[in-house]
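Each chain is listed here by its residues.
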Amino acid sequence: MGAENKTDEEKQNGDGTLFDLNDYTIIKEGDAEILMHAKNEVFYNKTQVNNRDMSVAVLRTFISQRKQEHEAMLTRRRTKAGNKVPDAKAEIPDDSGQHNGESNDGSEVLEDASHNESCSKPEEETKNLRGKGREELKPPRVLEALSASGLRALRYAREVEGISQVVALDNDKASVEACRRNIKFNGSVACSKVESHLADARVYMLTHSKEFDVVDLDPYGAPSVFLDSAVQSVADGGMLMCTATDMAVLCGGNGEVCYSKYGSYPLRGKYCHEMALRILLASIESHANRYKRYIVPVLSVQMDFYVRVFVRIYTSASDMKSTPLKLSYVYQCTGCDSFHLQPVGRTVSKNNSVRYLPGFGPAVSQECSDCGKKFNMGGPIWSAPIHDQEWVAAILADVKSMKDRYPAYERISAVLTTVSEELPDIPLFLSLHNLCATLKCTSPSAVIFRSAVINAGYRISGTHVNPLGLKTDAPMDVIWDIMRCWIKNHPVKAQPSDQAGSVILAKEPVLQANFSRAVASLSKAQAKKVARFLPNPERHWGPKLRAGRQITSKHVSLLGPKALNGINNHENGDGSNHEDVEEPAAKQ
């Protein structure tokens, strides 16, 4: 523990100045501890424990996967080279080429070149299959671009094995001072691995191109201004972790603002939170493409009040051309729940060559074929898979094997379990209750509806974004036919003929739905009664005030009366809350 040898009331900051421990409360999360002042000087959000736990889990899996990829690369090169030691000069051109996203060998090998040249041991030369660098994989370097108190950086350093360095940045002097104080408070491991710098994250990332294996962006609000420099700072095959908390913008509350920040127009459907994920991914891809780079998402989640994406970044001018195939526009009917996707691009193969062409269109007529209403158009969004199911399985297995080391184990394991059940190739989802609201009918149970879709020959799954959401590859005319068949057995009252539901029900179903229970209508987690959607652990669970804001009575609805009373008591000189871990979390 960081405070083992700290018995005096006065301790030293990172710069050697003294501070009084009585002015601070120790907050422990995972293996890290931080000192938080009673005043709202440095931002700390207890709610983000889910975010930090998920990031630690993904980072552990990334290090493991990175090692496996490196070993596989070496095996291929040994097989190709045979028992010969290739000439160094002959190998240099090969080293400058791109690996098309198979492994992250780019910047790390170049960094080792000087070390290899100065090494005079003959056995090192015989091990060298590339002429540059060594076979040994260097430990990853992590950049936390917006560190605040430094809690996330400290957790990475203390909890994730194999990390060589964590660089924590902030452009606020008070935050950097707090971060350095917390680094020293966490002992020798933190001091040896974590560095804190006062710097503009955008400038720092631009001047450290491809130097970090992991870049973590977790801003207070929109990450859009950091994306361009972030995609340049990640090493080839490295990972970008990015959080967006401006959900009102991403979910369609201010469509024009979303377009100006992310280059996509959002729609206010039930799937708006998943669309927010896909808008963020499309924006990251757009910034990466400007530098002949592209992304491969491994995990994308919507939790609490934010979205969080984890993407690998690779460099390849040829693979970058496939980006239009991964993007689509969305047509959302204004009358019913029908939506349709319009791919941005397509390919044509001829004589072993591939041509990239614009997508065929229009995907829909001007009026909805189901209810006759007009369409709203949104996007473009990322329409390729947003998860890598092998990664999800590996992350979930790691979390379950180390459950005691995750403070938010219950929540993140529930999210990962639900993610593991999602259909990976189906963008967006339907809401069963919305379908029934359109038709003014009673809702079938999710099991019955799923069974009807499965019996019709299509796939269906839930989604981690919404407990009532259903992902399926069944076209909308099949979905409405199933609902028409349901209503034949569960009649509804007559509605005005111009309403969308009346128009839909006026048509006879082409498909005769079979509602007999299908074996696959329940997922494995559902069958085992594994919790997948958990309630918030406490009231007022959400984003807290930005650092520096004064907490007043108008924040009762945001923070709760208990937190407000705690602030007032402290200002009145009551020091009884100094050892209460929960209180500062509510204050900040």
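These lines cover the structure that appears in this document, whether it is placed above or below. Quantities reported herein were computed from a predicted structural model and do not represent experimental measurements.

### So, the side chain of S521
Logical step 1: Tracing the sequence through the fold places S521 in the loop between α18 (500-505) and α19 (524-527).
Logical step 2: At a separation of 2.8 Å, a polar atom in the side chain of S521 contacts the main-chain carbonyl oxygen of A518.
Logical step 3: Apart from residues lying up to four places away in sequence, S521 is in contact with V447, R450, S451, I454 and Q526.

### Some points on the packing of helix α15 (residues 432-439) against helix α17 (residues 476-489)
Logical step 1: With their axes 11 Å apart at the nearest point, α15 and α17 run at an angle of 60° to one another. With respect to each other, α15 and α17 are oriented oblique. Two packed elements cross with a definite hand, and for α15 against α17 that hand is right-handed. In contact with L435, C436, T438 and L439 of α15, α17 contributes I479, W480, M483 and I487.
Logical step 2: Residue composition of the contact of α15 with α17, grouped by class: seven nonpolar, one polar and no charged.

### Here we look at unusual backbone geometry
Logical step 1: The omega angle of the peptide bond from G361 to P362 is 0°, so this bond is cis rather than trans.
Logical step 2: With respect to the element layout, P362 can be found in the loop between β15 (353-358) and β16 (375-382).
Logical step 3: Note that the residue after G379, namely P380, is joined by a cis bond; omega there is 5°.
Logical step 4: Mapped onto the fold, P380 is located in strand β16.
Logical step 5: Its identity is not glycine, yet N351 carries a phi of approximately 50°, on the positive side.

### Comments concerning the sheet that holds strand β18 (residues 460-461)
Logical step 1: Strands sit in the order β17-β19-β18 across an open sheet of three strands; the sheet is antiparallel. Unpaired on one side and paired on the other, β17 (430-431) and β18 mark the two borders of the sheet.
Logical step 2: For β17 and strand β19 (residues 469-472), the ladder comprises two bridges, and the chain directions are antiparallel. Among the inter-strand pairings, L430 is bridged to a residue of β19, identified as L470.

### Notes on the sheet that holds strand β10 (residues 293-303)
Logical step 1: Spatially, the seven strands line up as an open sheet ordered β7-β6-β5-β8-β9-β11-β10, and their pairing is mixed. A single partner strand is all that each edge strand has here, and the edge strands are β7 (194-198) and β10. The average angle at which neighbouring strand axes cross in this sheet is 15°, direction not considered.
Logical step 2: As defined by bridge partners, strand β6 (residues 165-170) adjoins β7 across five bridges and the pair is classed as parallel. Each bridged residue has a counterpart across the sheet, and for A168 the counterpart in β7 is S196.
Logical step 3: Lying over the sheet, helix α5 (residues 151-159) contacts β5 (141-144), β6, β7, β8 (212-217), β9 (234-244) and β11 (306-315), oriented at roughly 180° with respect to β6.

### With respect to the side chain of T61
Logical step 1: Here T61 shows up in helix α1 (residues 49-81).
Logical step 2: Among all residues touching T61, those that are not within four sequence positions of it are W391, A394, I395 and D398.

### As for the packing of aromatic side chains
Logical step 1: In total, this model carries six aromatic pairs according to the counting rule given.
Logical step 2: Note on W486 and F515: the rings are 5.9 Å apart at their centroids and 65° apart in plane angle, and the pair reads as edge-to-face. With W486 in helix α17 and F515 in the loop between α18 and α19, this residue pair connects regions lying 29 residues apart in the sequence.
Logical step 3: Look at W486 and you get buried, because its relative accessible area is 9%.

### Comments concerning the pairing of β11
Logical step 1: Among the 10 residues in β11, 10 count as buried, and that is most of the element.
Logical step 2: The side-chain alternation of β11 yields two buried faces, one formed by Y306, R308, F310, R312 and Y314 and the other by V307, V309, V311, I313 and T315.
Logical step 3: Pairing between β9 and β11: seven bridges, direction antiparallel. In the sheet register, G238 faces β11, and the bridge partner there is I313.
Logical step 4: As paired strands, β10 and β11 are joined by 10 bridges and run antiparallel to one another. Note on β11: the bridge partner recorded for M303 is Y306.
Logical step 5: Hairpin geometry of β10 and β11 is characterised by an intervening segment of two residues between the two adjacent antiparallel strands and by a positive phi of about 50° at D304.

### Here we look at the pattern of salt bridges
For side chains of opposite charge, pairing can occur when their charged atoms come near one another.
Logical step 1: Counted according to the given criterion, the structure contains 22 salt bridges.
Logical step 2: Here D218 and R152 are joined by a salt bridge, their closest N and O atoms 2.4 Å apart. With D218 in the loop between β8 and α9 (224-233) and R152 in helix α5, the pair connects residues that are 66 residues apart, well separated along the chain. With respect to burial, D218 and R152 carry one shared label: buried.

### Things to note about the state of the cysteines
Logical step 1: Tallied over the entire structure, the rule returns zero disulfides.
Logical step 2: C272 takes part in no disulfide bond, and the closest cysteine sulfur to it belongs to C251, at a distance of 4.0 Å.
Logical step 3: Residue class for C272 comes out buried when judged on its relative accessible area of 13%.
Logical step 4: Here C371 stays unpaired: no disulfide links it, and the sulfur of C333, its closest cysteine neighbor, is 3.3 Å away.
Logical step 5: Overall, C371 belongs to the buried group, its relative accessible area being 4%.

Each value, and the rule that gives it
Residues numbered from 1 in each chain as written. Predicted model: local features only at pLDDT ≥ 70, side-chain atom pairs only at ≥ 80, totals over all residues. Heavy atoms only, no water. Helix = DSSP H or I, 4+ residues; strand = E, 2+ residues; numbered from the N terminus. Polar contact = N/O pair within 3.5 Å; in protein donor to acceptor, adjacent residues only side chain to side chain. Contact = heavy atoms within 4.5 Å. Axes fitted to C-alpha atoms, helices over the stretch in contact; angles between N-to-C directions. Parallel < 35°, antiparallel > 145°, perpendicular 65-115°, else oblique. Left-handed = near helix turned anticlockwise from the far one by under 90°. Nonpolar A, V, L, I, M, F, W, Y, C, P; charged D, E, K, R; others polar. Pairing = 2+ DSSP bridges. Phe/Tyr/Trp six-rings, centres within 6.5 Å; stacked < 30°, edge-to-face > 60°. Buried < 20%, exposed > 50% of the residue type's maximum accessible area, 1.4 Å probe, protein only. Salt bridge = Lys/Arg side-chain N within 4 Å of Asp/Glu carboxyl O. Disulfide = S-S within 2.5 Å.

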